[in-house]
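Observations on the three-dimensional arrangement
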Amino acid sequence: MKVETYDAIVIGAGVVGLGITYELSKQQGLKTLTIDQGYPMSGTSGATQAWIWVHSKTPYKYGQLSLASANRYQELQEEIGDIEYIRSGGIAPIFSKQELYDAKALQLEMSKANIPVDLLSREEILKLEPNLSPNLLGATYSPIDGHVNPFKLIQRYHLQAKINGAHFSFYNGVRALEKTEVGYKVTTNRGVYEAEKVILSAGLWSKSIGEFLNIRIPTHTSRGQILVTEPTEPLIHHVIIGMRQLSNGIVLMGFSKEDVGYDRRTTMDVLQDTAEKSVNLVPKLKDVKIVRSFSGIRVMPNDGLPIFGEVSEQKNLYVAVTHSGMTLSAILGKSMAELVTTGESSFPMEAYSIERFKGREENQ
Amino acid sequence: MEANQVIVCHCEELTVADLKMAFEHGARTFDDLKRMSRCGMGHCQAKYCFDAANDHLANWSKVPVECLPNTRHRMPIRPVPLKVFIEGGFHEG
Ligand SMILES: Cc1cc2nc3c(=O)[nH]c(=O)nc-3n(C[C@H](O)[C@H](O)[C@H](O)COP(=O)(O)OP(=O)(O)OC[C@H]3O[C@@H](n4cnc5c(N)ncnc54)[C@H](O)[C@@H]3O)c2cc1C
Ligand code: FES
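Values in this document were obtained by computation on a predicted structure and should not be read as measured data.

What follows deals with the overall build of chain A. Assigned secondary structure in chain A consists of 8 helices and 18 strands. Taking 364 residues into account, the globule formula puts the C-alpha radius of gyration at 21 Å, and chain A, at 21 Å, falls close to it. Overall size of chain A, expressed as C-alpha extent along the three principal axes, is 65 × 45 × 40 Å. Sorting the 364 residues of chain A into buried and exposed places 60% on the buried side. Counting contacts in chain A only where the partners sit at least 6 residues apart, residues at least 24 apart contribute 73% of the total. For chain A, the exposed surface amounts to about 14800 Å²; the carbon and sulfur share of it is 50%.

Here is the structure:
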């Protein structure tokens, strides 16, 4: 069988892998191949709410990373075309005294990263969003939060990378990954490929691909179920924890997190609960029709933070596995391209190294 | 009217040419088309366009239409207001 050779191979073409592919494609003369067992949105990136969310990402350093990514989206909007990135502002509603204390702590933590978080009273929040329930005690608000059109983002990354000369192979699952003298050999169901460097960005599936080289990627799964309404009158104007309204009037609602492995079904109990929470938040939604539901599986690093960078025992093997991949793809892409081509990234990424799990219980 | 300007998905106003473009970028199943172009995500939830879009896919990729995967159908079958979804019904006040 003929072996194709590249400088770098990216495994997984979700938003994270495509963000990396796009940034790598800007390097003159670097020959890359991005492989996916399906099509770019067949993983988690095709079933997402796509908020670019910053203001409750604690600890503050993680907030800084999210902010750097949000800022990078503003540049990307110019570089790759309209991805409908909009800074609508984000609201986290407060229903209880305990949440109020937590909000004060959050405000303090985020001030260390210069991320503006306002604590709004009931009157203030109702002025901002008149359709929210008057049962709220208040809310935190930040103008930095927003959203992107995930379909457009992924298409633009893909098309622009293609124009820049990146190679792609879809419907081609990776079946083995081995070390060679010069780098790595990637065996798929359609062929064998070799590269000096490999970047593992296969979301949920990274864990099992890592096992080919005895790398433990400590993650678990978290299913999210989403209800989708018909287009309706403008009801909310910001991203509100749990929901957002698209420009075409559709409202997406989801609050659930369930560790159920790779099961992507939607279930009645969770959808009922989602409807109830939504109506408690925005009472007018009670008469709006639901047309559709969907579910997606998030990959969750065991300590909640991104896993990013070169693996120390496997030179030239890099991982990028995270939740909130929509928020983070811009900064992860940029940092990975820098790391792969120069050995360093301009944004400090050391804290996200997989090495942090060594000797930790989560790694068992 | 040119054949490729024929509308396949009426809810989302997508033509044969729109779907062909998604195909050319690697879409091979109805769900790929859906994510790439919104085909099937309109009010009727693919009840109208599913067969037609699949016929085009089968033709372009030279795969028998019976071999293409079905799209996932999810709740609700017919649009219903949120209050109907809430367990025990919705109580005013
Ligand atoms: C309901 C829900 C709501 C969410 N809301 C938000 C949000 O508002 N904001 C936010 O930032 N994030 C959100 N997320 C999380 C976000 O969607 C994910 O973090 C992101 O999509 C992950 O992207 P990824 O590229 O890592 O993974 P994926 O998109 O899953 O990509 C991985 C790819 O790897 C491929 N692959 C797997 N195995 C192999 C193999 N053996 N060979 C080749 N290819 C392979 C898959 O086919 C897939 O395309 C949400 C997630 C869910 C489920
Ligand atoms: S015709 Fe395509 S969704 Fe209705």
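A few words on the site of ligand 1. Residue and element names in this part refer to chain A. Surveying the vicinity of ligand 1 reveals 35 residues, the closest of which are Asp 36, Ser 45, Val 174, Gly 325 and Thr 327. At 2.6 Å from an oxygen atom of ligand 1 is found a side-chain nitrogen or oxygen belonging to Asp 36. At 2.8 Å from an oxygen atom of ligand 1 is found a main-chain nitrogen or oxygen belonging to Trp 51. In isolation ligand 1 offers 1000 Å² of accessible surface; the protein chains occlude 96% of this area. Class assignment for the residues of the shell around ligand 1 results in 14 nonpolar, 19 polar and 2 charged.

Let's shift gears to the confidence of the model for chain B. For chain B, per-residue confidence averages 86 on the pLDDT scale, and residues scoring 70 or more make up 91% of the total. Scored as a complex, the prediction yields pTM 0.92 and ipTM 0.72.

Next up on the list: helix H1 (residues 15–25) of chain A. Counting buried positions along H1 of chain A yields 11 of 11 residues, so the element is predominantly enclosed. For H1 of chain A, the set of buried residues is Val 15, Val 16, Gly 17, Leu 18, Gly 19, Ile 20, Thr 21, Tyr 22, Glu 23, Leu 24 and Ser 25 of chain A.

All names here are of chain A. Domain assignment breaks chain A into domain 1 (4–47 + 151–218 + 303–357) and domain 2 (219–301). In this structure, domain 1 and domain 2 have C-alpha centres spaced 29 Å apart. At the interface, 18 residues of domain 1 touch 12 residues of domain 2. Summed over both partners, the interface of domain 1 with domain 2 buries about 1200 Å², with 62% contributed by carbon and sulfur atoms.

The next subject is the nonpolar core. All names here are of chain A. Ranked by size, the top nonpolar core spans 77 residues in total, and within it Tyr 73, Leu 153, Tyr 157, Ile 199 and Met 336 carry the most contacts. When residues in this core are grouped by element, the largest group, 9 residues, is from helix H8 (residues 325–342). Leaving out residues up to four positions away in the same chain, Tyr 157 has contacts with Val 15, Leu 18, Gly 19, Tyr 22, Tyr 73, Leu 76, Ile 80, Ser 329 and Ala 330. Among the nonpolar cores identified, the runner-up in size contains 28 residues, and Tyr 6, Ile 35, Leu 200 and Val 319 belong to it.

Bringing the pairing of strand E4 (residues 90–94) of chain A into the picture now. Residue and element names in this part refer to chain A. Buried residues dominate E4, accounting for 5 of its 5 residues. Of the two faces of E4, both are covered, the one formed by Gly 90, Ala 92 and Ile 94 as well as the one formed by Ile 91 and Pro 93. With 5 bridges joining them, E4 and strand E6 (residues 138–142) adopt antiparallel strand pairing. Bridging from a neighbouring strand, Ile 94 pairs with Gly 138 of E6.

Residues and elements named next belong to chain A. For the bond running from Thr 58 to Pro 59, omega is -5°, close enough to zero to count as cis. For Pro 59, the position within the fold is in the loop between strand E3 (51–52) and helix H2 (60–79). Positive phi values are uncommon outside glycine, yet Asn 114 reaches one of about 55°. Checked against the element boundaries, Asn 114 lands in the loop between helix H3 (97–111) and strand E5 (118–121). Note on Asn 114: relative accessible area 66%, which makes it exposed. The phi angle at Asn 316 is positive, at roughly 70°, despite the residue not being glycine. Summarising the element assignment, Asn 316 is placed in strand E18 (residues 314–321). Overall, the relative accessible area of 10% leaves Asn 316 in the buried class.

Turning next to helix H1 (residues 16–24) of chain B. In an α-helix, one turn spans 3.6 residues; hence positions three or four apart end up facing the same way. Residue and element names in this part refer to chain B. For H1, the complete set of buried residues consists of Val 16, Leu 19, Ala 22 and Phe 23. For H1, the angular spread of buried residues about the axis comes to 120°, placing them on one side. In H1, those exposed residues whose orientation departs by more than 90 degrees from the buried face are Met 21 and Glu 24. At its buried positions, H1 is contacted by strand E1 (7–9), strand E2 (14–15), helix H2 (30–37) and helix H3 (50–61). Two residues or fewer past H1, Gly 26 is found with a positive phi of approximately 105°.

Thresholds, definitions, all that
- Residues numbered from 1 in each chain as written.
- Chains lettered and ligands numbered in written order.
- Predicted model: local features only at pLDDT ≥ 70, side-chain atom pairs only at ≥ 80, totals over all residues.
- Heavy atoms only, no water.
- Helix = DSSP H or I, 4+ residues; strand = E, 2+ residues; numbered from the N terminus.
- Rg over C-alpha atoms; globule rule 2.2 N^0.38 Å.
- Buried < 20%, exposed > 50% of the residue type's maximum accessible area, 1.4 Å probe, protein only.
- Contact = heavy atoms within 4.5 Å.
- Areas by Shrake-Rupley, 256 points an atom, 1.4 Å probe, with all protein chains shown as cover.
- Near = heavy atom within 4 Å.
- Polar contact = N/O pair within 3.5 Å; in protein donor to acceptor, adjacent residues only side chain to side chain.
- Nonpolar A, V, L, I, M, F, W, Y, C, P; charged D, E, K, R; others polar.
- pLDDT = per-residue confidence, 0-100.
- Domains from an automatic or database assignment.
- Buried area = accessible area lost by both parts, 1.4 Å probe.
- Core = buried A, V, L, I, M, F, W, Y, C linked by side-chain atoms within 4.5 Å.
- Pairing = 2+ DSSP bridges.
- Arc of directions from axis to C-beta.

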